[in-house]
Amino acid sequence: MNDRATLDTKLGRLAALLKQQGVIATDDLAIERQFTAGQSNPTYLLRSGERRLVLRKQPYGHLLPKAHDVVREHAIVDALAGAGFRVPTPLFASSDRAIIGTAFFVMAYVPGIVHSNAQLPDVSATERGAIFRATAETLADLHGIDPAVLARAGIQPRGSFIERQIGAWRNAYRAAMTEADERIETVAQTLLDRRPQHENLAIAHGDFRLENLIFDGTSVAAVLDWELCTIGEPLCDLAYCCLWYHFPPEVLNGLAGLDLAKRGIPGEREFLDLYSARSGIDAHASQRYFLAFAFYRLAAILQGVYRRALDGNAASALGLERGRIARLCLDKAEQLAM
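Please read all numbers here as calculations on a predicted model, not as lab measurements. (Residues numbered from 1 in each chain as written. Predicted model: local features only at pLDDT ≥ 70, side-chain atom pairs only at ≥ 80, totals over all residues. Heavy atoms only, no water.)

Caption draft 1: Geometry of the packing of aromatic side chains. Under the definition given, this model contains 9 aromatic pairs. Ring centres of Phe132 and Phe271 lie 6.2 Å apart, and the angle between their planes is 80 degrees; on these two criteria the pair is classed as edge-to-face. Taken together, the positions of Phe132 in helix H5 (residues 125-143) and Phe271 in helix H10 (residues 268-279) put the pair 139 residues apart, joining distant regions of the chain. Here Phe132 and Phe271 have matching classes, each one buried. Grouping aromatic residues by their ring pairs yields a cluster made of Tyr240, Trp244, Phe247 and Phe295. The side chain of Lys57 reaches across the aromatic face of Tyr60, ending 3.6 Å from its centre. Of note, Arg297 hangs over the ring of Tyr240, and the distance from its end group to the ring centre comes to 4.8 Å. (Phe/Tyr/Trp six-rings, centres within 6.5 Å; stacked < 30°, edge-to-face > 60°. Helix = DSSP H or I, 4+ residues; strand = E, 2+ residues; numbered from the N terminus. Buried < 20%, exposed > 50% of the residue type's maximum accessible area, 1.4 Å probe, protein only. Lys NZ or Arg CZ within 6 Å of the ring centre and 35° of its normal.)

Listed below in structure tokens is the structure:
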């Protein structure tokens, strides 16, 4: 199903609703472009007169249970905006499928640059270092916010976060499985058996990486993609943000094997130090464990993207390639978990 073509036929209803809600002033509403980054929820830049808006919606077609909850995501963004964190201004959300065929939310457009390549080939070495520093410090700032602010989004802290996460991603992998692989079970069990006894508690973004940040120069203007946000172990976020240090350049533009000092990019240890200095959380002691978990989790995410691509519902043409990378991630998770 062509998501954009289907959405195009429903813009009149969306325009009428947004005008009624005071979000736009006229019935004039057009799709300027679809954002290509991301695999989960189709996201569009809309224009109404001189105003630019961003529409984030569920994909059309079959969805896995509890996946793509964009109305919940809107509530999280609204709560974080109220706490002064750098997110786009949320404007409106609806779960009424009669409007555009899926649940959706609308937010203000934030101008800036999104870097889709962790190697940052288009900026200077000095800028690369500043961008990585801003990334680490922005993550630490998020983890410094009182998790109670998410209560207005209906999110409360719960115990055994790591255990629940391992179970959830194991189930997600099972639901999207296209071929049998016993490591889906064995790696999950190893992670359960070796999980840290102490858990930190913070707002966990769930998908914190360079591609989900909007930069104004070398400063972070806004953090995007809050679908997986919850309250839990912040070191899960940090390890996930460090995965690109462990991918080779030909896989997702990874950094492994590159001369990072020459490029002005801090190494992984220095990145952890930047985070720890800002957050006060020891980022080194359990990094191997959380990297194993992050690779397992990413394997499940990419397997879901691959499954949707096979079903014709992926938000990006790259979906079919993600199946191969999902297997690579499972390999890494197995190595690190041992």
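Caption draft 2: Expanded view of helix H6 (residues 161-176). Its 16 residues give H6 an end-to-end C-alpha distance of 22 Å, which sits within 8% of 22 Å, the value for a rise of 1.5 Å per residue. Those residues of H6 not exposed but buried are Phe161, Ile162, Gln165, Ile166, Gly167, Trp169, Arg170, Tyr173 and Ala176. Packed against the buried residues of H6 are helix H7 (183-193), strand S9 (230-232), helix H8 (234-241), helix H11 (287-310) and helix H12 (322-337). (Expected span 1.5 Å × (residues − 1). Contact = heavy atoms within 4.5 Å.)

Caption draft 3: Highlighting the sheet that holds strand S5 (residues 104-108). Reading across the sheet, the 5 strands line up as S1-S2-S3-S5-S4 and stay open at both edges, with antiparallel pairing between neighbours. The open sheet is flanked by strand S1 (30-34) and strand S4 (90-94), the only strands paired with a single partner. For this sheet, the mean inter-axis angle between neighbouring strands, taken without regard to orientation, is 25 degrees. Of the pairings in the sheet, the one linking S4 to S5 comprises 4 bridges and is antiparallel in character. Note on S5: the bridge partner recorded for Ala93 is Phe105. (Pairing = 2+ DSSP bridges. Axes fitted to C-alpha atoms, helices over the stretch in contact; angles between N-to-C directions.)

Caption draft 4: Spatial organisation of the nonpolar core. If you look at the biggest cluster of nonpolar residues, it comprises 80 residues, and the most contacted ones within it are Leu80, Leu150, Leu191, Trp226, Leu243 and Tyr296. Sorting elements by how many residues they give to this core places H11 first, with 12 residues. When near neighbours in sequence (up to four residues on either side) are disregarded, Trp226 contacts Arg72, Glu73, Ile76, Val77, Leu80, Phe85, Val87, Leu142 and His205. (Core = buried A, V, L, I, M, F, W, Y, C linked by side-chain atoms within 4.5 Å.)

Caption draft 5: Fine view of the environment of Thr126. In this structure, Thr126 sits in helix H5. With 208 residues separating them in the primary sequence, Thr126 and Glu334 have C-alpha atoms 36 Å apart.

Caption draft 6: The packing of H5 against H10, seen in detail. Relative orientation of the contacting elements H5 and H10 amounts to 40 degrees, with a least axis distance of 8 Å. Pair H5 / H10 crosses with right-handed handedness. Packed against H5, whose contacting residues are Phe132, Arg133, Thr135, Ala136, Glu137, Leu139, Ala140, Asp141 and His143, the element H10 presents Phe271, Leu274, Tyr275, Arg278 and Ser279 at the interface. Broken down by class, the residue content of the contact of H5 with H10 amounts to 7 nonpolar, 3 polar and 4 charged. (Left-handed = near helix turned anticlockwise from the far one by under 90°. Nonpolar A, V, L, I, M, F, W, Y, C, P; charged D, E, K, R; others polar.)

Caption draft 7: View of the packing of H6 against H11. It is the contact of H6 with H11, at a shortest axis distance of 8 Å, that shows an interaxial angle of 30 degrees. By the criterion of interaxial angle, the relationship of H6 to H11 is roughly parallel. Both H6 and H11 take part in a crossing whose hand is left-handed. For the pair H6 and H11, the contacting residues are Ile162, Gln165, Ile166, Trp169, Arg170, Tyr173, Ala175 and Ala176 in the first and Tyr289, Phe290, Phe293, Tyr296, Arg297, Ala299, Ala300, Ile301, Gln303, Gly304 and Arg307 in the second. (Parallel < 35°, antiparallel > 145°, perpendicular 65-115°, else oblique.)

Caption draft 8: Structural context of the environment of Pro147. Among the secondary structure elements, Pro147 is positioned in the loop between H5 and H6. A relative accessible area of 17% places Pro147 in the buried class. C-alpha of Pro147 to C-alpha of Ala204: the two residues are 57 residues apart in sequence and 9.1 Å apart in space. Here Pro147 is in contact with Leu201, Ala202, Ile203 and Ile231, once residues within four sequence places are set aside.

Caption draft 9: Quick look at the side chain of Asp225. By the secondary structure assignment, Asp225 is in the loop between strand S8 (219-223) and S9. In this structure Asp225 comes out as buried when scored by relative accessible area, which is 14%. At a separation of 2.6 Å, a polar atom in the side chain of Asp225 contacts the side chain of Arg56. Sequence-distant contacts of Asp225, that is, excluding residues within four places in its chain, are made with Arg56, Glu73, His205, Asp207 and Asn212. (Polar contact = N/O pair within 3.5 Å; in protein donor to acceptor, adjacent residues only side chain to side chain.)

Any functional reading would require information that these geometric values do not contain.
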